[in-house]
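Chain and residue survey
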Amino acid sequence: MRFLFIPYRTYCSSTAICASSQITLFARMGHIETARHIFDKLIDRPVDSWNSIVAAYFQNHQPSEALKLFDKMPERNIVSWNGLISGYINNGMINEAENVFYTMPERNIVSWTSMVRGYVKEGMITEAERMFWQMPGSNVVSWTVMLGGLVQGGRVEDARRLYEMMPVKDIVARTSMIGGLCKDGRLSEAREIFDEMPRRNVISWTTMITGYVQNNRVDVARKLFEVMPYRNEVSWTAMLMGYTKCGRIEEAWELYQAMPMKSVVASNAMIIGLGQIGELKRARMMFDCMRERDDGTWSAMIKVYEKKGFELEALDLFSLMQRQRVRPNFPCMISVLSVCSSLASLDHGRQVHAQLVRFQFDVDVYVSSVLITMYIKCGDLAKAKQVFNRVPLKDVVIWNSIITGYAQHGLAEEVLQVFHEMSFSGIMPDKVTFVGVLTACSYTGKIKEGRQIFESMKSKYLVEPGAEHYACMVDLLGRAGQVNEAMSLIETMLVEADAIVWGALLGACRIHMKMDLAEVAAKKLLQIEPKNAGPYILLSNLYASQGRWDDVAELRKTMSERAVSKSPGCSWLEVGKKVHMFTGGDSAGHPEHERIIRMLEKIVGLLREAGYFPDGSFVLHDVDEEEKVQSLRYHSEKLAVAYGLLKVPDGTPIRVMKNLRVCGDCHSAIKLIAKVTGREIILRDANRFHHFKDGLCSCRDYW
DNA sequence: ATAGGGTTAG
């Protein structure tokens, strides 16, 4: 700030050169006002100072202000015009740059090279090539820009050819080529260029190190890191990320401790690395200790919470972010949306959606598919369809999002209709599409359609059916009572049957009381997934129902030997942007515990009048014994529904989520609750959605 | 005063 006190009025034209560099300096620090102040105070304004101030505004991403000043310039040289081009390019305005290029009075090599660079930056490599070959002259820089473009466009072979043609190859060109070859896995070729380089700098060393890291040769990278003559922030960070990338977090941590200057990028990578190995506390500690954070820091921490299933923490951090007025970036939005999906937090989801629209992220295909999934998981199908309809160019992922979504809700007619629309629009369905379509068929008992589609997969769409498709078919046949046919289908499978296939068979046996096949399926499941409690409990209940108590005892013994434990059931719902969670069959932890219990008792009374009695006889469902003994009205889903009845305004559906499959008693109770209260209740369990209305459920009592 | 290479986040 001392610069402010320099008496500007004393500048003569020779010191005005000094003024230009000061303008540039302040602009680079982000002090555009100071830069402008210096400029305004100048008595004599040579063309250089005009060029500086225009560049300063471009650098601060104020192109319109820059243009205003450009228009006021008393005289312009070629540098002014080139500055305008590069200013536009750095602000992503390639069309404006193009316009200037074709209308400027004269062009030199810098103008041409800038244009090539501009096209490369926008990913328009063909345009860049056209421009490059039209250029009247060329030098190392222009060759190198073109080389970089080809590398960036993934055309490494073409880059290599261009590289060989180059009359002069300087350090930058060689480094660029090394990076390209490494990206393509051609390590030895890259290393050859590296070894032959007449001179090397930090960047060439770092590029080579990153190359080894990308190709999973961290230890070689480390050797290079040890012998390089000089290291900077970036080289330390690159090495550190080499370790985090392959999960060697403790080594990364050691390196981080040894870093002379800890960059934000390195800290962010460290947060992600710690998150990967489940060290959430340490990750958060890093986050809290950082003096300086960028948007990547926030998205890294939120992503860690999201990936590790700490949804509430993720949302907390997101709201902290907004309180501190940090603009959420793209990856951050995606993470928060996934959190909203798994929590089914419609209120938060809507908020993120609004921001996506505000920052114009919502036209992206990737974002749209995550958004669709989010609305589907929240049970808001209409909104999901709305987002779907707004996507201008629908790819297979977008179609799959909506198909899978409808399928999870058991809306077979809609699924089949969308499937036909998809085929009509010329998009080829893939594996995921067929899982969705077949699931829908099985949920609604459309045996004929399901069979037809399964057949057409191979013959018409050239998609080889995988285990997941067989699982759908087994489910489809099993539900219809054709359990033996389902078993024969499994026997004809070319791929190996996985847990999902056997699980589907077991589910069918449970409903249709097919003891012999149930035992086969359950035993297969125990082999594939020895830690999964579901099949043990099912099998044990099956034995019990036949009075085979020795087998029950034997099974319980293996269970405790293998340390199998059932994950505790929990349900949650969102009220007023807050997620309320109910676990362990008790609401004691909840501040409104008393009211919830009173509500439940009132409901149970009403249900009794309607002819309902708690039913503990769901032996064939995977409900644990202990859980059965407990008073059934305390199951977490009932608590959540009761809370919903208290808090969710009339006319709005009550949306409850559960981490396990819904229990049979709760299912029939909730059906009746929906009837006697006249409310619509949407329950998402581990498998699918249940829409309760007027005493009926959309799953038709089969789940 | 205008053009080029290396590190993070779905």
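Every residue gets a number counted from 1 within its own chain, in the order that chain's sequence is written. Note on labels: chains are lettered from A, ligands numbered from 1, in written order. Totals for whole chains, interfaces and linings use every residue, but because this is a predicted model, local features are given only for residues with pLDDT of at least 70 and side-chain atom pairs only at 80 or more, for both listing and counting. The side-chain quantities take in all heavy atoms of the structure and omit both hydrogens and water.

1. Comments concerning the overall build of chain A
Strands here are runs of E lasting at least two residues and helices are runs of H or I lasting at least four, both read from the DSSP assignment and numbered beginning at the N terminus. Within chain A, the regular secondary structure consists of 38 helices and six strands. Considering only C-alpha atoms, chain A reaches an extent of 100 × 55 × 55 Å along its principal axes. Each residue is assigned to one of three classes by its accessible area relative to the maximum for its type, calculated with a 1.4 Å probe on protein chains only: buried under 20%, partly exposed between the two thresholds, exposed over 50%. Across the 703 residues that make up chain A, the buried fraction comes to 51%. Residue pairs at least 24 apart in sequence account for 60% of intrachain contacts in chain A once pairs closer than 6 positions are excluded. Note on areas: Shrake-Rupley, 1.4 Å probe, and residue coverage restricted to the protein chains presented here. Looking at chain A as shown, the accessible area adds up to about 33400 Å², and 53% of this sits on carbon and sulfur atoms. Residues are treated as being in contact if the distance between any of their heavy atoms lies within 4.5 Å.

2. Regarding the protein's contact with DNA strand B
Around DNA strand B, 41 residues are found, and the nearest of them are Val79, Asp170, Met241, Lys303 and Tyr366. Sugar and phosphate atoms constitute 48% of the interface atoms of DNA strand B, taking the interface as everything within 4 Å of the protein. Polar contact is the term for a pair of N or O atoms within 3.5 Å; when the atoms are in protein, one must be able to donate a hydrogen and the other to accept it, and sequence-neighboring residues count only if both atoms are side-chain atoms. At 3.2 Å, a side-chain N or O of Thr144 approaches a base nitrogen of DNA strand B. A distance of 3.3 Å is found between a base nitrogen of DNA strand B and a side-chain nitrogen or oxygen belonging to Thr175. In this classification, Asp, Glu, Lys and Arg are treated as charged, Ala, Val, Leu, Ile, Met, Phe, Trp, Tyr, Cys and Pro as nonpolar, and every other residue, Gly included, as polar. Residue composition of the surface near DNA strand B, grouped by class: 15 nonpolar, 21 polar and five charged. Near, as used in this document, describes a residue that has one of its heavy atoms within 4 Å of the molecule or strand being considered.

3. Some points on the sheet that holds strand β5 (residues 689-693)
By definition, two strands form a pair when at least two bridges between them are found by DSSP. In space, the six strands of this open sheet follow the order β2-β1-β3-β4-β5-β6, with mixed pairing throughout. For this open sheet the edge positions go to β2 (578-583) and β6 (696-697), each flanked by a neighbour on one side alone. With four bridges connecting them, strand β4 (residues 681-684) and β5 associate as antiparallel partners. Looking at the pairing, Ile681 lines up with Phe692 of β5.

4. Re the UniProt feature "repeat: PPR" (unreviewed entry) in chain A
According to UniProt, the positions carrying the feature "repeat: PPR" (unreviewed entry) are residues 46-80, 108-142, 170-204, 232-266, 294-328 and 395-429. Strand forms 0% of residues 108-142 and helix 74%; the C-alpha atoms that close the span are 12 Å apart. Between the C-alpha atoms that bound residues 232-266 there is a distance of 12 Å. The span itself is 74% helix and 0% strand. UniProt positions are given in the numbering used here, feature names are shortened, and annotations may be inferred rather than shown by experiment.

5. Regarding the confidence of the model for chain A
Values of pLDDT, the confidence the predictor places in each residue, fall between 0 and 100. Summarising the model, chain A shows a mean pLDDT of 85, and 93% of its residues fall at 70 or more. Considering only residues more than four positions removed or in separate chains, one finds that residues 1-16, a stretch of pLDDT under 50, has 19 contacts.

6. What to know about the domain arrangement of chain A
By the assigned domains, chain A splits into domain 1 (394-452), domain 2 (466-565) and domain 3 (570-697). All domain edges in this entry derive from an automatic or database-based domain assignment. Here the C-alpha centre of domain 2 lies 27 Å away from the C-alpha centre of domain 1. At the interface, twelve residues of domain 1 touch ten residues of domain 2. Once two parts are put together, the accessible area they lose, assessed with a 1.4 Å probe and summed over both, is termed the buried area. In total, domain 1 and domain 2 occlude about 960 Å² of area from one another, counting both sides; carbon and sulfur atoms represent 72% of this. Only one rule defines a salt bridge in this text: a Lys or Arg side-chain nitrogen within 4 Å of an Asp or Glu carboxyl oxygen. Summed over the shared surface of domain 1 and domain 2, the number is zero salt bridges. For the interface between domain 1 and domain 2, the tally reads two residue pairs in polar contact (both at pLDDT 80 or more). At the level of elements, α27 (431-443) and α28 (447-459) are the ones that each hand at least two residues to the side of domain 1 that touches domain 2. Looking at which element gives the most residues to the side of domain 1 that touches domain 2, the answer is α27, with eight residues.

7. Digging into the environment of Ile193
Topologically, Ile193 is positioned in helix α12 (residues 187-196). With relative accessibility at 7%, the residue Ile193 sits in the buried group. As a C-alpha pair, Ile193 and Phe287 span 94 residues in sequence and 40 Å in three-dimensional space. What Ile193 contacts, discounting residues up to four positions off in sequence, is Arg160, Tyr163, Arg174, Met177, Ile178 and Leu181.

8. Quick look at the pattern of salt bridges
Across all of its chains, the model carries 25 salt bridges by this definition. Shared partners join several salt bridges into a network, and the residues in it are Glu157, Arg160, Glu164, Asp184, Arg186 and Glu189.

9. Some remarks on the packing of helix α25 (residues 396-408) against helix α26 (residues 412-424)
Axis lines are fitted to C-alpha atoms, over the contacting stretch for helices. Their N-to-C directions set the angle, which ranges from 0 to 180 degrees. Two numbers describe how α25 lies on α26: the axes approach to 9 Å, and their chain directions differ by 165 degrees. Judged by the angle between their axes, α25 and α26 are roughly antiparallel. For the element pair α25 and α26, the recorded crossing hand is left-handed. Contacts between α25 and α26 involve Val396, Trp399, Asn400, Ile402, Ile403, Tyr406 and Ala407 from the first element and Glu414, Val415, Val418, Phe419, Glu421 and Met422 from the second. With respect to orientation, any angle under 35 degrees is reported as roughly parallel, any angle over 145 as roughly antiparallel, any angle of 65 to 115 as roughly perpendicular, and every other angle as oblique. The hand of a helix crossing depends on one turn: near helix anticlockwise from the far one by less than a right angle means left-handed, and clockwise means right-handed.

10. Thoughts on the environment of His61
Considering the arrangement of structural elements, one finds His61 in the loop between α3 (47-59) and α4 (63-72). Residues His61 and Glu574, 513 residues apart in the sequence, show an inter-C-alpha distance of 41 Å. In contact with His61, not counting residues within four places along its chain, are Asn90 and Asn91.

11. What about the packing of aromatic side chains?
Paired rings are identified among Phe, Tyr and Trp, the last through its six-membered ring, by centres lying within 6.5 Å, and are further divided according to the angle between planes into stacked (under 30 degrees), edge-to-face (over 60) and tilted (the rest). Inspection of every chain in the model, using the stated rule, returns 17 aromatic pairs. Both rings, one in Phe39 and one in Trp50, keep their centres 5.0 Å apart while their planes meet at 80 degrees; by these two values the pair is edge-to-face. Remark: Trp50 occurs in helix α3 and Phe39 occurs in helix α2 (residues 32-41); sequence separation between them is eleven residues. For the residue pair Phe39 and Trp50, the accessibility class agrees, reading buried in each case. Three or more aromatic residues joined by ring pairs make a cluster, and in this case those are Phe101, Tyr102 and Trp112. Positioned over the ring face of Phe194 is Arg200, at 5.1 Å from the centre of the ring. Lysine NZ or arginine CZ positioned within 6 Å of the ring centre and within 35 degrees of the ring normal marks a charge as sitting over the ring.

12. Structural notes on helix α34 (residues 549-561)
One less than the number of residues in a helix, times 1.5 Å, gives the span that helix is expected to have. Across its 13 residues, α34 extends 18 Å between first and last C-alpha, which sits within 8% of the 18 Å expected from 1.5 Å per residue. Among the residues of α34, Val552, Leu555 and Met559 are the ones counted as buried. All buried residues of α34 lie within an arc of 65 degrees about the axis, which places them on one face of the element. Seen from the buried face of α34, the exposed residues on the opposite side, beyond 90 degrees, are Asp550, Ser560 and Glu561. Where the residues of α34 are buried, they touch α32 (515-528) and α33 (533-545). Here the arc refers to the directions that run from the helix axis out to each C-beta atom.

13. Focus: the pairing of β5
Within β5, four of the five residues are buried, which leaves it mostly tucked inside the rest of the structure. Linking β4 to β5, which pair antiparallel, is a turn of four residues. In the sheet, β5 pairs with β6 via two bridges, with the strands oriented antiparallel. Following the sheet pairing, Phe692 is matched in β6 by Cys697. From the end of β5 to the start of β6, which pair antiparallel, there are two residues, and Asp694 there has a positive phi angle of about 50 degrees.

14. Observations regarding the nonpolar core
By nonpolar core is meant a set of buried Ala, Val, Leu, Ile, Met, Phe, Trp, Tyr and Cys residues that side-chain atoms within 4.5 Å join together. Judged by nonpolar contacts, the single largest core of 198 residues is most densely connected at Met115, Met208, Leu240, Ile271 and Leu505. Contacts of Met208, omitting those with residues within four sequence positions, involve Ile178, Cys182, Leu187, Ala190, Arg191, Phe194 and Leu224.

15. What to know about helix α6 (residues 94-103)
Within α6, burial applies to Ile94, Ala97, Val100 and Phe101. Down the axis of α6, the smallest arc covering the buried residues is 120 degrees, so these residues share one side. Counted as exposed and oriented over 90 degrees from the buried face of α6: Asn95, Asn99 and Thr103. Lining the buried residues of α6 we find α5 (78-90), α7 (109-121) and α8 (125-134).

16. Side note on the pairing of β4
Burial of β4 is two-sided: the residues Ile681 and Leu683 facing one way and the residues Ile682 and Arg684 facing the other way are all buried. Looking at chain direction, strand β3 (residues 654-658) and β4 are connected through four bridges and run parallel. The residue of β4 that forms the bridge with Arg655 is Ile682.

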